[in-house]
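# A structural walkthrough
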Amino acid sequence: MKDEANKKIRNIAIIAHVDHGKTTLVDFILRQSGTFREQQVVDERVMDNLDLERERGITIASKNCSVYWKGVKINIIDTPGHSDFGGEVERGLKMVDGAILLVDACEGPLPQTRFVLKKALEAHLKIIVVVNKIDRKDARPREVIDEIYALFMDLDAEDSQIDFPILYAIGREGIAQKTLEEKGSSLTPLFEAILEEIPPPTFNPNEPFQMLVINLSYSDYVGRLAIGRIFNGSARKSDNLVCIHKDGSQRPLRVSSLQVYDGIRLKEVEEVSPGDIILLSGIENVEIGDTICTVAAPKALQRITVDEATLSMRFMANTSPLSGREGKIVQSRKILERLEKEILHNVSLSLEAEKNGESFIVKGRGEFQMAILVETMRREGFEVAIGRPQVILKEKDGVTLEPIEHLFIDCHEEFMGIITEKLALRQGRMINMINHGSGRIRLEFSIPSRGLIGYRNQFLTDTKGMGLMNSYLMGYEPCRGAFTGRKSGALVSDRQGEAVAYALYHLEPRGRLFIEPGCPVYKGMIIGEHNRERDLDVNPCKEKKLSNMRAAAKDENIILTPAFPITLERAIEFIKEDEQVEITPRSIRLRKNNG
């Protein structure tokens, strides 16, 4: 029998590069669809509800919401724009039938635009292109449209996919229009394009109930929640179903509640139908990728597959002399439980326990993804130590292969020389340069993933904070050879105590300090970066010898250069293989492995 369509539903994802305006656009979609009352006070970027997302201005986890337009329910998934969170993008695209590709009218398609669009095209989704921020003074929408067409062809899009509708938008004002000339007043053209262009979900009326688990959540009231899309059939509250796991085993379950998205909130319903995105409770042992179906005809759907990990990082219990002073959770067993919980929710991460049982290897997409995980654990009260990120190598036909990134750099022309020189030292090869004569240029490099570890801060220094840098994974190539990492050594404390201004003042000529007077230190703790290549043991606790020949109040004249602030990302980039970062809820310290 021919498949039928549920014309009362549209499922779409919003995909874009970081900071091209996805979440702001969703704000206005929610407002103009009548989801919020007229006088209701609503935060900006309402979908970015994690503290880290609001602080960094990026989307980290996919979010679901829904709106109604002309009697049709539109389920919307706001996806991350950073390739480090690619697992979130791949999961989100599994639930939808189309996508809105948002592109900045000035910047055009950037590396993550390519990444998320490639995933959408591989999923054979219908694309609506929205050129956003057309009110920018430096907007160039016509050239950007040409670049988008070139990107579609470069990604081997099908003819039907290249024939995409185009809208122009000012996301922060909630305006969309079909041409550049007309003056839009609302997002009505976008709502109409969604109903006309995005196909409704199809299903086979002869197939029994099938739901693919895309995400997991937890409720204090009903326990574990399986979030996913219904591909066939319908289900009611109190139905008896089965969950098919990765190994083919089946676990029975009884539906205790069914919920759907209503705006940004959840609404309990008695029955769900094909195409619905739902939250189902009634089973504890469920994993992302499992299929929930009927007892009479259990039939598994194709599991979610994500790109493999390219980078690993070692997590350990904090064993420094200051362990346990600032964090509530320090035991390695608790750290393992927390990492296992993260792996359960994030399909792009994997976990291995080392033989000693005291350290754990987490494999993922990039150092930024790892930094977000560590920062989240830190805010939950964990104390943890981490090692330097390591790229994951492959072997094929006796040849060792390493991950290679396609790196895009946007900077002023004057910085081209220093950037090219620094990347050449890291085995980077320039493959393209674009100069529009505006004073800024775009450089493209092919570079090993390991060459980018520790480079971002150096890049910002070299470009005086005015450069933009993005990359995505190109594939694997034979190893390009060794290159030198951090050339400077470390200033290492040779004793435990408290840092003293007098000692730090006399250590300043030796290098750049990371600590202030009064900071607790211990033997093996890195307190600064040495001017030379070798490490140097120093005494930051040394006080001035008292004598009756000194001038009164002379110690008060000591003026120290402000300490270089160590953020989590800077710490991860700075450390060498024999060093680690000690992270607590209040502090970030560096130390030697044998410290």
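Residues numbered from 1 in each chain as written. Predicted model: local features only at pLDDT ≥ 70, side-chain atom pairs only at ≥ 80, totals over all residues. Heavy atoms only, no water.

Tallying secondary structure elements over the protein gives 14 helices and 37 strands in all. Relative to a compact globule of 595 residues, whose C-alpha radius of gyration would be 25 Å, the protein shows 27 Å and is just as compact. Taking the principal axes of its C-alpha atoms as reference, the protein extends roughly 100 × 65 × 60 Å. In the structure as shown, the protein presents an accessible area of about 27600 Å², 48% of it carried by carbon and sulfur atoms. One way to put it: in the protein the 81 positive side-chain charges average out to a point 4 Å from where the 88 negative ones average out. (Helix = DSSP H or I, 4+ residues; strand = E, 2+ residues; numbered from the N terminus. Rg over C-alpha atoms; globule rule 2.2 N^0.38 Å. Areas by Shrake-Rupley, 256 points an atom, 1.4 Å probe, with all protein chains shown as cover. Lys, Arg positive; Asp, Glu negative; His and termini not counted. Charge placed at Lys NZ, Arg CZ, Asp CG, Glu CD.)

Glancing now at the sheet that holds strand E7 (residues 166-170). Spatially, seven strands are ordered E3-E4-E2-E5-E6-E7-E8 in an open sheet, and the strand pairing comes out mixed. Looking at strand neighbours, the two that pair on one side only are strand E3 (63-69) and strand E8 (175-177), the edges of this open sheet. Going from strand to strand, the sheet's axes swing by 30° on average, the running direction of each strand aside. Here five bridges tie strand E2 (residues 9-16) to strand E5 (residues 98-104), and the two strands are oriented parallel to one another. Across the sheet, the residue bridging to alanine 13 is alanine 99, located in E5. Contacting E2, E5 and strand E6 (126-132), helix H4 (residues 111-122) crosses the sheet at an angle of about 150° to E2. Helix H5 (residues 141-154) contacts E5, E6 and E7 of the sheet and is inclined by roughly 150° relative to E6. (Pairing = 2+ DSSP bridges. Axes fitted to C-alpha atoms, helices over the stretch in contact; angles between N-to-C directions. Contact = heavy atoms within 4.5 Å.)

Where helix H8 (residues 332-345) contacts helix H9 (residues 367-379), the axes come no closer than 12 Å and their chain directions differ by 125°. Relative to H9, H8 is oriented oblique. Crossing handedness for the pair H8 and H9: right-handed. On H9, the residues that touch Ile335, Arg338, Leu339 and Glu342 of H8 are Leu373, Thr376 and Met377. The residue makeup of the contact of H8 with H9, split by class, is four nonpolar, one polar and two charged. (Parallel < 35°, antiparallel > 145°, perpendicular 65-115°, else oblique. Left-handed = near helix turned anticlockwise from the far one by under 90°. Nonpolar A, V, L, I, M, F, W, Y, C, P; charged D, E, K, R; others polar.)

Turning our eyes to something else, we now look at the state of the cysteines. Note on terminology: a disulfide is the covalent bond linking the sulfur atoms of two cysteines. Throughout the structure, instances matching the rule amount to zero disulfides. Here cysteine 106 is not cross-linked by a disulfide; its sulfur's nearest cysteine counterpart is in cysteine 411, at 15 Å. (Disulfide = S-S within 2.5 Å.)

Moving on, we come to the pattern of salt bridges. The tally for this structure, following the rule as stated, stands at 33 salt bridges. Across the pair lysine 592 and glutamate 579 runs a salt bridge whose closest N-O atoms are separated by 2.8 Å. You can see lysine 592 sitting in strand E37 (residues 588-592) and its partner glutamate 579 sitting in strand E36 (residues 579-583), a full 13 residues away along the chain. Glutamate 579 carries the same exposure label as lysine 592, and that label is buried. Counted as one network, the salt bridges with shared partners bring together Asp104, Lys133, Arg136 and Asp138. (Salt bridge = Lys/Arg side-chain N within 4 Å of Asp/Glu carboxyl O. Buried < 20%, exposed > 50% of the residue type's maximum accessible area, 1.4 Å probe, protein only.)

Okay, unusual backbone geometry next. Phi is positive for lysine 133, which is not a glycine, with a value near 65°. Mapped onto the fold, lysine 133 is located in the loop between E6 and H5. Despite not being glycine, serine 238 has its phi angle at roughly 80°, a positive value. Tracing the chain through its elements places serine 238 in the loop between strand E12 (235-236) and strand E13 (240-244). When its relative accessible area of 35% is taken as the criterion, serine 238 is described as partly exposed.

Moving on, we come to the sheet that holds strand E14 (residues 250-254). Sheets are built from strands that pair by backbone hydrogen bonding, the pairs being arranged parallel or antiparallel. Reading across from one edge, E14-E13-E19-E10-E11-E18-E15-E16 is the order of the eight strands in this open sheet, with antiparallel pairing throughout. The open sheet is flanked by E14 and strand E16 (265-269), the only strands paired with a single partner. Along the sheet, successive strands turn relative to each other by an average axial angle of 40°, direction set aside. Judged from the four bridges that link them, E13 and strand E19 (residues 291-294) form a sheet pairing that is antiparallel. Each bridged residue has a counterpart across the sheet, and for isoleucine 244 the counterpart in E19 is threonine 291.

Looking now at the nonpolar core. Residues Ile127, Ile148, Phe152, Leu280 and Ile292 are the most contacted members of the largest nonpolar core, which totals 61 residues. Those residues in contact with isoleucine 148 that sit more than four places away from it in its chain are Val103, Pro109, Val129, Val131 and Phe164. With 33 residues, the next largest nonpolar core counts Leu311, Ala317, Val384 and Ile583 among its residues. (Core = buried A, V, L, I, M, F, W, Y, C linked by side-chain atoms within 4.5 Å.)

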